[in-house]
Amino acid sequence: MKTYILYTLLLIMFVGCADPARISGFDSEKWQQDKKGCKGHRSTMVQDFDAIRRDLYGRPEAEVKDILGKPDAEQLMRRGQRVFIYYLEPGSHCNERNKLSEANRAEVRFNALSKVSEITYLRPLPTSK
C-alpha cells in the first residue's frame, strides 16, 4: 500500500513539473510578450504563426495557452465551444480595454472537449512568400 501511494505521489510530481508545451521554430516568448499585438512584434510573426497553425489542431486548451499565452479576448459560443482571439497588429483595442477592434487577428476555436477544432483569420495580413 505504501508503495502505491509513493508511486502516485511521484506521478503527480512528474506531471506537475512538466515543461510547458512548445512548437519548434516558433518563438512563444516573443509572441506572449507582445500583449494584444500592441507593440507590433506579432505582425512580423504572421508567417511563423501560419507555419505552426496546423500543429495546433487537436491540442488541448492548456497547451495552446503554453504556446500562445493567455488570449487577448475570448468568446463563448453555443454547445460549449469557445474562441480565443489573438491580435496580430495594433488597433483600437490597445487604447480601449474590454472592446474588440477590427484589427487583424487569429481566432482559435475550441470544441466542447476543449481541443482546437479551427483556426481562422479576421482580415488576414498579407504575407510575402
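See the structure shown above.
Residues numbered from 1 in each chain as written. Predicted model: local features only at pLDDT ≥ 70, side-chain atom pairs only at ≥ 80, totals over all residues. Heavy atoms only, no water.

(A) Geometry of the state of the cysteines. The final tally for this structure, using the stated rule, is one disulfide. Here Cys38 pairs with Cys94 through a disulfide, and the sulfurs are 1.9 Å apart. Taking the torsion about the S-S bond as the criterion, the Cys38 to Cys94 disulfide, at about -105 degrees, is left-handed. Highlighted residues: Cys38 in the loop between α2 (28-33) and α3 (46-56) and Cys94 in the loop between β2 (82-87) and β3 (105-110), separated in sequence by 56 residues. By relative accessible area, which is 28% here, Cys94 ends up partly exposed. (Disulfide = S-S within 2.5 Å. Helix = DSSP H or I, 4+ residues; strand = E, 2+ residues; numbered from the N terminus. Buried < 20%, exposed > 50% of the residue type's maximum accessible area, 1.4 Å probe, protein only.)

(B) Just α3, in detail. For α3, the set of buried residues is Val46, Phe49, Ile52, Arg53 and Leu56. Viewed along the axis of α3, the buried residues span an arc of 145 degrees, placing them on a single side of the element. Among the exposed residues of α3, those oriented more than 90 degrees off its buried face are Ala51 and Arg54. Looking at the buried side of α3, the elements it contacts are α2, α4 (61-68), β3 and β4 (116-122). Count one or two residues on from α3 and you reach Gly58, which has phi positive near 85 degrees. (Arc of directions from axis to C-beta. Contact = heavy atoms within 4.5 Å.)

(C) Highlighting the environment of Phe26. Tracing the backbone through its elements, the reader meets Phe26 in the loop between α1 (2-16) and α2. Judged by relative accessible area, Phe26 falls into the buried class, the value being 7%. Through-space distance from the C-alpha of Phe26 to that of Phe49 is 7.2 Å; in sequence the pair is 23 residues apart.

(D) Focus on the pattern of salt bridges. The full count for this structure, using the stated rule, is nine salt bridges. Residues Glu63 and Arg59 are paired through a salt bridge, measuring 2.9 Å at the closest nitrogen-oxygen approach. Connected through salt bridges with shared partners, the residues Glu61, Lys65, Glu74 and Arg82 form a single ionic network. (Salt bridge = Lys/Arg side-chain N within 4 Å of Asp/Glu carboxyl O.)

(E) How the structure looks around the pairing of β3. Most of β3 sits out of view: five of its six residues are buried. Of the pairings in the sheet, the one linking β2 to β3 comprises six bridges and is antiparallel in character. Residue pairing for β3: Tyr87 is matched across the bridge by Arg105. Relative to β4, β3 is paired through six bridges, and the arrangement is antiparallel. The residue bridging Glu107 from the neighbouring strand is Thr120, located in β4. Hairpin remark: β3 followed by β4, antiparallel, with five residues in the connecting loop; positive phi at Ser114, about 65 degrees. (Pairing = 2+ DSSP bridges.)

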